[in-house]
Amino acid sequence: MQKSIPDYKLRIIYPARPLQNLKLKSNGIIRFVTVQEIVFLKADRNYTCCFLADLSEFTVCQSLQNFESILGQQFFRCHKSYLINTIFIREINKRNHQVILTTGEKLPFSRNRSKMLEEKMKTKTSLNYQL
């Protein structure tokens, strides 16, 4: 009988394999989501609130650092409490140190991570023209 290896362990063994689905467990409820559905994650002590594209919210008993290690390059830790899916970033407000998402949320970003965020977005966009 062959044992199955959990997906997060496969990411460690085979880091080139992109994670596509997550199983989120909370209070006896198991929710299956794709990585593209996650808009952003917010730390709340040892819990993480997952905000999804359908505007629902799901809290799980895992640290934000754990999510950061398994979600990969599509996500960016803009602040100690926030991990953002970069496909949902609409604009970066450098004056107010906010990232504005396509869903309307305004999230803070750390001054220390400002340059990294700009570089990440430059490499993501196909048109790197500054008008």
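Scope of this entry: the structure provided in the associated data block. Fair warning: this is a prediction, and the values are worked out from it, not measured in the lab.

Calculation rules
- Residues numbered from 1 in each chain as written.
- Predicted model: local features only at pLDDT ≥ 70, side-chain atom pairs only at ≥ 80, totals over all residues.
- Heavy atoms only, no water.
- Helix = DSSP H or I, 4+ residues; strand = E, 2+ residues; numbered from the N terminus.
- Buried < 20%, exposed > 50% of the residue type's maximum accessible area, 1.4 Å probe, protein only.
- Contact = heavy atoms within 4.5 Å.
- Areas by Shrake-Rupley, 256 points an atom, 1.4 Å probe, with all protein chains shown as cover.
- Arc of directions from axis to C-beta.

**What about the overall build of the protein?**
Thought 1: Assigned secondary structure in the protein consists of three helices and ten strands.
Thought 2: Counting from the amino terminus, helix and strand elements in the protein follow one another as α-β-β-β-β-β-α-β-β-β-β-β-α.
Thought 3: Per-residue burial for the protein yields a buried fraction of 37% across its 131 residues.
Thought 4: Taking the contacts inside the protein whose residues are at least 6 apart along the sequence as the reference set, 38% of them involve residues at least 24 apart.
Thought 5: For the protein, the accessible surface area stands at approximately 9300 Å², while carbon and sulfur atoms represent 50% of it.

**A few points about helix H2 (residues 64-71)**
Because each turn of an α-helix spans 3.6 residues, side chains separated by three or four positions in sequence point in the same direction.
Thought 1: Those residues of H2 that fall on the buried side of the exposure criterion are Leu64, Phe67, Ile70 and Leu71. Projected down its long axis, H2 shows its buried positions confined to an angular sector of 130 degrees, all on one face. Exposed and oriented more than 90 degrees from the buried face of H2 are Gln65 and Ser69.
Thought 2: Remark: Gly72 follows H2 within two positions and exhibits a positive phi of approximately 90 degrees.

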